[in-house]
Amino acid sequence: MKTITRILLGLICVAIIFAILVNPVLKAFADEGDDAWGEFLNPDGSINWANLTYLGEASEPVDWMMIEIPGGIQVPLGEARYSRYITPSGNVLVLPSPVTMLMTFLHPEDSGFAANTPEMLISGAQVLSALAANYIDVEDLQALGYVDPADFFQAVIEGRENIWSVVSPSFLIEIVRMSFDAGFLVTGLWLYLSGVNCDAIPGGCPPGFGLTPTPGGTPTPPPPVICPAPSIAFENVYASGEKVAPPKPVVIGQDPEKRGADVELRVTIPPVIFTWYEARTTNICEYTSDGNGDGCPGPGSEYDQVIDMNGNETDWSYFMENNLNWEASIETECIQHVEIFPDYLNYASLKINLSSESRNWILIDLAQAYPGAELKRPDWEFSFQGPGSMGGSSIVFWSQLIPNIQFADPGVYQMQVRGLTTGTLVSAPRPFALSLNEFTVDLLRVTLIEAP
Amino acid sequence: MEIYFSRRRVLIVMLAILALVGATLVILKISGQSLAQAVGFDSGRGAALAGAETFYSVDYHDGQDVWAARLCALSTEPACDFYQNTVAPFLWPDFEASQSLVTTEASGAVMLAEEVASTRGDTPMQVWQVAVNLSSPWPQGDGKTSFPAYVLVVREENGWKFERFLLEDELAKYIGGKQ
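Residues numbered from 1 in each chain as written. Chains lettered and ligands numbered in written order. Predicted model: local features only at pLDDT ≥ 70, side-chain atom pairs only at ≥ 80, totals over all residues. Heavy atoms only, no water.

### Structural notes on the nonpolar core
Stage number 1. Residues Leu102 of chain A together with Phe55, Tyr56, Trp67, Leu91 and Trp138 of chain B are the most contacted members of the largest nonpolar core, which totals 84 residues.
Stage number 2. In terms of residue count, the dominant contributor to this core is helix H5 (residues 77–97) of chain B (8 residues).
Stage number 3. Not counting residues within four places of it along the chain, the set of residues in contact with Leu102 of chain A comprises Leu128, Leu131, Ile163, Trp164, Phe171 and Ile175 of chain A.
Stage number 4. Judged by nonpolar contacts, the second largest core, of 30 residues, contains Val263, Val417, Leu436 and Phe439 of chain A. (Core = buried A, V, L, I, M, F, W, Y, C linked by side-chain atoms within 4.5 Å. Buried < 20%, exposed > 50% of the residue type's maximum accessible area, 1.4 Å probe, protein only. Helix = DSSP H or I, 4+ residues; strand = E, 2+ residues; numbered from the N terminus. Contact = heavy atoms within 4.5 Å.)

Here is the structure:
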C-alpha cells in the first residue's frame, strides 16, 4: 500500500508540477514575449538554450549545507553549486544543483535566499514537492493534516514542519547523488535581473552583468562560451495494437455467446536524454623557459598541478613567487555528462472506428440485401491512465488488453491512439498520436446455391 | 593421447595458483577491502555494525583514499559516491593535522524499522540502532567517545550494504525496535 501511495503521489506531483504548473507557466511567460523570461522561453514553454550564454559553474563552501552525524560531527552535503547563464539583455539565470536547491529552501535565511529572492516561475514549495515526490507517502502527509503536498512543503520552508521526519530515508543520499549525476535540473530557475546587488547572485556577478543593451536591440556582448549549452534529445513515442482474439470475430448479433473481440494496445516511451557539460578548471603553475612568466603567487594549495622544467609534477615552493620562469594559468575542461530520464505515460486513449468504406457498404450494399440495415455502433473509444513500467535502457512500457468488445457492425475497423507522457525533470510532457493496425469483424451471410 | 605431468610441473602450477590468489588478496587488502565485505552482508545487522565501525575507525597513516575505499567496500554505490567525493575530502585534513588514530567498536544492534526504497525497485531497507565506542574522540566531534548511532542499511543483489547515519530529525518516526 505504501509503495502504491508513493507512486501515486509521485505521479500526482510530477503531473501537477510539470503538466499543469511548469509548462503552462513557462508558456505563459513565453507568450508575454517582452518579459525577462520571454527572451529565453520558446512559445511552447520550453527553454531556448541557444538564447542563453553559459557562464559555467559557480560553487562555494557554505555552512548551511551541513548535516550532523552521531558524535556531534558536522559533515557537508557538498558545496553549494550553481550553473549560470546570461540572457541577451544581461540578466542572470541560475540553476542550483538539486541538493543546493533543497538546502536553500530548508535554510532560506542562512543561505541569504530570503533576503535576495530571485524571480521564480514556481514557488519553492512546488519545487520541493517535485524533488521529494517519490520519497513521500501521501498517508503520512494526510496524517499531518495536509491534502496538498505543496502546503506541507510551504510549512517546511517556513520552519513549521520537518521534512526529514516524513521523507523516505533513501532521499538524502539520492538527492546528493542526483547533484553529482544529473547536475542542474530545470526544476527551479532563479532569474536575477540586471541592477541587483552582485552579492545577491550565487557566485557573484558574472562579466557583462548589469550592462544595458546597446540601442537597436543589439545585446550586450556575452562573455566567451566556456562549455556547450545543455541539450535534450529523445526518440518518438511508439505505439502498437491489434485485435488479438478470436481469429475471425463476427458481429455480436450473429454470435449467441456474444464473444466480441479482444484488442491489445501497447505504448513504448523512449527516455529523455539530457546532456550537460561540467566546466572543470585546473589551476596550474608551470615552468616557462622564455623567462616571461609572472610567477606563481602563493599559497601553493591554490594549484592543482605544478609542472617543473622537465614536465614532471612537483610541489609548489616560495621561490616560484615573483619568478619570471614560472607562470600560473587556468585550464578549463568541459566534461560531458549524459543523464537518462524515463518518461512515463500520463494517459492514453484508443479510438476504434469503422472505416468509411465499410459504413457505405452497410448503408448501401447491405441495405439492398437486408432492407433496414443500419449502423449500430461504428465508433468506440477507451481511455486509460499510465504510468507503465520501466524496462531496460529506461524505456517505459505500457500495455492494456480490452476484452470482448461488442462490435455490432461488420467491416474494417481502424484504430488510432492518442496520449500524453508525464514529462520528466528536464522535459515537458510529450503528446503522441499514432495510427494502428486495422482488423475486420465479419458478417455471416447465407447464400442459396442451386443444387446441381 | 596421454599427458604426463612431472612433479616439478605440478609444483610450478600450484605455486602459480598460490601466487595469483596471494596477489589478489594483497590487492584487496591494499584497497581496503576484504573478500567477505566485497559481497555484502547476509544480514542488515552485520552491515550496520560493520558500517559504523568502518566509518569511525581512522588511522591517519592510511590516508583518505584507503579510508574511503574501506567504506565503499561495504556501502551502497550512491553512499560510496557521497563518502568518497564529499565526506572524505572534508574530514581528512583534520585527521591528518591531528594525527588521528581511532579504533571503533559497534555493538548492541537493535532494528528499529523496515522499509522499501521505492526509487530503487522496492529494495528493502532497515534502520538499526547501534552503540558506538571510540578509542578516542574525533577531532571534529563533540568530544564524546560513546554514543548511539542510527544506521540505514539497504539490501542489494549481493547482500546488505551500509548507506548512512540518520539525522536526529529523522529519528522521530523510528521509535521502539526489536532485538
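### A short note on the confidence of the model for chain B
Residue and element names in this part refer to chain B.
Stage number 1. The predicted model of chain B averages 82 in pLDDT, with 75% of residues at 70 or higher.
Stage number 2. Here residues 24–38 scores under 50 on pLDDT; set against residues more than four positions off or in separate chains, the count is 17 contacts.
Stage number 3. Both scores are given for the predicted complex: the pTM is 0.57, the ipTM 0.75. (pLDDT = per-residue confidence, 0-100.)

### A word on the packing of helix H4 (residues 64–73) of chain B against H5 of chain B
Residue and element names in this part refer to chain B.
Stage number 1. Relative to each other, H4 and H5 sit at 150°, their axes nearing to 10 Å. The chirality of how H4 crosses H5 is right-handed. Along the contact surface, H4 presents Gln64, Trp67, Ala68, Leu71 and Cys72, while H5 presents Cys80, Tyr83, Gln84, Val87, Ala88, Pro89, Leu91 and Trp92.
Stage number 2. Residue composition of the contact of H4 with H5, by class: 11 nonpolar, 2 polar and no charged. (Axes fitted to C-alpha atoms, helices over the stretch in contact; angles between N-to-C directions. Left-handed = near helix turned anticlockwise from the far one by under 90°. Nonpolar A, V, L, I, M, F, W, Y, C, P; charged D, E, K, R; others polar.)

### Observations regarding the state of the cysteines
Residue and element names in this part refer to chain A.
Stage number 1. Evaluation of the coordinates by the stated rule reveals 2 disulfides over all chains.
Stage number 2. There is a disulfide in this structure between Cys285 and Cys296, and the S-S distance comes to 2.1 Å. Negative torsions about the S-S bond denote left-handed disulfides, and the value of about 100° found for Cys285 with Cys296 makes this one right-handed. With Cys285 in strand S11 (residues 272–287) and Cys296 in the loop between S11 and strand S12 (305–307), the pair connects residues that are 11 residues apart, well separated along the chain. Taken individually, Cys285 and Cys296 each receive the classification buried, so the pair is uniform in this respect. (Disulfide = S-S within 2.5 Å.)

### Overview of the pattern of salt bridges
Residues and elements named next belong to chain A.
Stage number 1. A full pass over the atoms with the stated rule returns 11 salt bridges over all chains.
Stage number 2. Residues Arg266 and Glu242 are paired through a salt bridge, measuring 2.7 Å at the closest nitrogen-oxygen approach. Here Glu242 lies in strand S9 (residues 238–245) and Arg266 lies in strand S10 (residues 261–269), a separation of 24 residues in the sequence.
Stage number 3. Note that Arg430 and Asp343 form a salt bridge whose closest N and O atoms lie 3.1 Å from each other. (Salt bridge = Lys/Arg side-chain N within 4 Å of Asp/Glu carboxyl O.)

### Brief notes about the environment of Glu313 of chain A
Residue and element names in this part refer to chain A.
Stage number 1. Here Glu313 lies in the loop between S12 and strand S13 (326–341).
Stage number 2. Relative accessible area serves as the criterion here: at 54%, Glu313 is assigned to the exposed category.
Stage number 3. For Glu313 and Cys285, which are 28 residues apart along the polypeptide, the C-alpha to C-alpha distance reads 9.8 Å.
Stage number 4. Those residues in contact with Glu313, other than ones at most four positions away along the chain, are Gln305, Val306 and Ile307.

### Thoughts on the pairing of strand S2 (residues 66–69) of chain A
Residues and elements named next belong to chain A.
Stage number 1. Residue alternation in S2 divides its side chains into a buried set, Ile67 and Ile69, and an unburied set, Met66 and Glu68.
Stage number 2. By the bridge criterion, 4 bridges tie S2 to strand S3 (residues 73–76) in an arrangement that is antiparallel. By the bridge assignment, Glu68 is partnered in S3 with Gln74.
Stage number 3. Between S2 and the antiparallel strand that follows it, S3, lie 3 residues; Gly71 among them carries a positive phi value of about 100°. (Pairing = 2+ DSSP bridges.)

### A few points about the packing of aromatic side chains
Stage number 1. Counted according to the given criterion, the structure contains 33 aromatic pairs over all chains.
Stage number 2. Each ring, one from Trp37 of chain A and one from Phe40 of chain A, has its centre 5.7 Å from the other, and the planes form 50°; the classification is tilted.
Stage number 3. A residue is classified by how much of its surface remains accessible, and Trp37 of chain A, at 2% relative accessible area, is buried.
Stage number 4. When its relative accessible area of 0% is taken as the criterion, Phe40 of chain A is described as buried.
Stage number 5. The rings of Phe55, Tyr56, Trp67, Phe82, Tyr83, Trp92, Phe95, Trp138, Phe147, Phe162 and Phe165 of chain B are connected pair by pair, giving a single aromatic cluster.
Stage number 6. Positioned above the aromatic ring of Trp380 of chain A is the side chain of Arg377 of chain A, whose terminal nitrogen or guanidinium carbon lies 3.5 Å from the ring centre.
Stage number 7. Against the face of Phe234 of chain A rests Arg430 of chain A, its NZ or CZ located 4.5 Å from the ring centre. (Phe/Tyr/Trp six-rings, centres within 6.5 Å; stacked < 30°, edge-to-face > 60°. Lys NZ or Arg CZ within 6 Å of the ring centre and 35° of its normal.)

### Topic: the environment of Leu131 of chain A
Residues and elements named next belong to chain A.
Stage number 1. Its location among the elements puts Leu131 in helix H3 (residues 124–132).
Stage number 2. For Leu131 and Leu102, which are 29 residues apart along the polypeptide, the C-alpha to C-alpha distance reads 8.0 Å.
Stage number 3. With sequence-adjacent residues up to four places away left out, Leu131 is seen in contact with Pro98, Met101, Leu102, Phe171 and Ile175.

### Structural notes on the interface of chain A and chain B
Stage number 1. Contacts between the two partners involve 31 residues from chain A, matched on the other side by 38 residues from chain B.
Stage number 2. Between chain A and chain B lies a buried interface of about 2,900 Å² when both sides are counted; carbon and sulfur atoms form 64% of it.
Stage number 3. Three residues, Pro70, Pro169 and Ile173 of chain A, lead the burial of chain A against chain B; their summed loss comes to 23% of the area buried on that side.
Stage number 4. Two residues, Arg120 of chain B and Glu174 of chain A, come together in a salt bridge whose shortest N-O distance is 2.4 Å.
Stage number 5. Sorting the residues of the side of chain A that touches chain B by element identifies helix H1 (2–32), S2, S3 and helix H6 (171–181) of chain A as the ones contributing at least two each.
Stage number 6. For the side of chain A that touches chain B, the element with the most residues is H6 of chain A, which contributes 6 residues.
Stage number 7. Here the side of chain A that touches chain B is composed, by residue class, of 17 nonpolar, 10 polar and 4 charged. (Buried area = accessible area lost by both parts, 1.4 Å probe.)

### With respect to unusual backbone geometry
All names here are of chain A.
Stage number 1. With an omega of 0°, the peptide bond between Gly298 and Pro299 qualifies as cis.
Stage number 2. Within the secondary structure, Pro299 sits in the loop between S11 and S12.
Stage number 3. The backbone of Asn322 shows a phi angle near 50°, a positive value even though the residue is not glycine.
Stage number 4. Structurally, the position occupied by Asn322 is in the loop between S12 and S13.
Stage number 5. Since its relative accessible area comes to 75%, Asn322 is described here as exposed.
Stage number 6. A positive phi angle, close to 60°, is found at Ser394, a residue other than glycine.

### Observations concerning the pairing of strand S6 (residues 159–165) of chain B
Across a regular strand the side chains alternate sides, sitting on one face of the sheet and then on the other.
All names here are of chain B.
Stage number 1. Burial analysis of S6 places 7 of its 7 residues in the buried class, the great majority of the element.
Stage number 2. Where strand S5 (residues 146–156) lies against S6, 6 bridges are found, and the strand directions are antiparallel. Paired with Val154 across the bridge in S6 is Lys161.
Stage number 3. From the end of S5 to the start of S6, which pair antiparallel, there are 2 residues.

### Structural notes on the confidence of the model for chain A
Residues and elements named next belong to chain A.
Stage number 1. Scored by pLDDT, chain A has a mean of 80; 84% of the residues are at 70 or more.
Stage number 2. Here H1 stands out as the least confident element of chain A, with mean pLDDT 41; S10 is the most confident, with 95.
Stage number 3. Counting contacts from residues 1–34, a segment whose pLDDT is below 50, to residues more than four positions away or on other chains yields 76 contacts.
Stage number 4. Predicted confidence is poor over residues 211–223, with pLDDT under 50, and the contacts of this stretch with residues over four places away or in other chains come to 14 contacts.

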